[in-house]
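Next come the chains, spelled out residue by residue.
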Amino acid sequence: FQAEDGIRDHCVTGVQTCALPIFTLDRNHVIEICHEILSRNLKIWWAAELHLKDVDQNLAQLMYKAGLRCVFVGIETINPKSIAASKRFSAKESQQDDAIKWLEDAGVSVKGMFIFGMPEDNPENIQHTLEYAKNLPVTYLQYSVFTPYPGTPIYDSYKHLINAKKYEDYTQWDLVFEHSGLTPDQVRRALDKAYKESYLSPKRVLKIASRLLKIQLQSLT
């Protein structure tokens, strides 16, 4: 397994990351991988990026037994207009809630990933998304800024609005285009607020510490 980027490298100490956002797309293949790990008695702790619509309780428990300790899931936003305008797909809220519960109950830490500054976003629905995110029973939360990267299909729809001067500006931390409903300052302040409110929670800090300690103890056995 290979880490996809620096953010994932630092999500869970001691866990290697599978850089496949569609890891669970082929359910039978995932089951085969898990059974092979178990049959070989491999003591490895790993993480994967997957879609919540592909997870059920049995699969969550099997993946945990095979060493899965953290998953990255792109929930993005609760604004359906933003999802549609950005040509993304999101699971139904009931699917998300069930899958998150099954994973967390099994012992798999869920990292919910959200995006601010998507098409049709405004300060009000960003706040709604933040409140939704903070109330999810996930271990980790990640917030970033909608960024149409050069070379991607969606870039063509935004290239006439791009105001970034160099590739280094595409950090997912700042707006790189003229947004119809948000200013760069509004997005940056929303991002700062989201991280402060999400990680100043004693309950979340204790949960993260507990999960990390458990992984470290399991690695010693």
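Notes on the structure follow. Being a predicted model, the structure only gives us computed values, none of them experimental. (Residues numbered from 1 in each chain as written. Predicted model: local features only at pLDDT ≥ 70, side-chain atom pairs only at ≥ 80, totals over all residues. Heavy atoms only, no water.)

### Here we look at unusual backbone geometry
For asparagine 41, which is not glycine, the phi torsion reads 55 degrees and is therefore positive. With respect to the helices, strands and loops of the structure, asparagine 41 is situated in the loop between helix H2 (27–39) and strand S2 (46–49). In this model, glutamate 76 sits at a positive phi of 70 degrees, which is unusual for a non-glycine residue. Position of glutamate 76 relative to the elements: it lies in strand S3 (residues 68–76). (Helix = DSSP H or I, 4+ residues; strand = E, 2+ residues; numbered from the N terminus.)

### Some details on a nonpolar patch on the surface
Together, Leu213, Leu217 and Leu220 make up an exposed nonpolar region whose accessible area comes to about 340 Å². When its relative accessible area of 70% is taken as the criterion, leucine 220 is described as exposed. (Patch = residues over 30% accessible without salt bridge, like charges linked within 9 Å, V, L, I, M, F, W, Y side chains within 5 Å. Areas by Shrake-Rupley, 256 points an atom, 1.4 Å probe, with all protein chains shown as cover. Salt bridge = Lys/Arg side-chain N within 4 Å of Asp/Glu carboxyl O. Buried < 20%, exposed > 50% of the residue type's maximum accessible area, 1.4 Å probe, protein only.)

### Points about the pattern of salt bridges
Under the defined criterion, the tally for this structure stands at 13 salt bridges. One salt bridge connects glutamate 197 with lysine 134, and the closest N-O pair in it is separated by 2.6 Å. Placement of glutamate 197 in helix H8 (residues 184–199) and of lysine 134 in helix H6 (residues 123–135) is noted, with a sequence separation of 63 residues between them. Glutamate 197 gets classed as partly exposed once you look at its relative accessible area, which sits at 32%. Looking at lysine 134, the relative accessible area reads 24%, which means it is partly exposed. Each of the salt bridges in this network shares a partner with another, and the network as a whole consists of Glu131, Lys134, Lys193 and Glu197.

### Concerning the packing of H2 against helix H3 (residues 57–65)
Interaxial distance between H2 and H3 falls to 9 Å at its minimum, and their mutual angle equals 35 degrees. Crossing geometry of H2 relative to H3 is assigned as left-handed. Contacts from Arg27, Val30, Ile31, Cys34, His35 and Leu38 in H2 reach Leu59, Leu62, Met63 and Lys65 in H3. Residue classes in the contact of H2 with H3 are distributed as seven nonpolar, one polar and two charged. (Axes fitted to C-alpha atoms, helices over the stretch in contact; angles between N-to-C directions. Left-handed = near helix turned anticlockwise from the far one by under 90°. Contact = heavy atoms within 4.5 Å. Nonpolar A, V, L, I, M, F, W, Y, C, P; charged D, E, K, R; others polar.)

### Observations regarding the packing of aromatic side chains
If you walk through the whole model with that rule in mind, you get 11 aromatic pairs. By the ring-pair criterion, three or more aromatic residues cluster together here, those being Phe114, Phe116, Tyr143, Trp173, Tyr195 and Tyr199. Seen from the ring of tyrosine 64, arginine 69 lies directly overhead, with NZ or CZ sitting 3.8 Å from the centre. (Phe/Tyr/Trp six-rings, centres within 6.5 Å; stacked < 30°, edge-to-face > 60°. Lys NZ or Arg CZ within 6 Å of the ring centre and 35° of its normal.)

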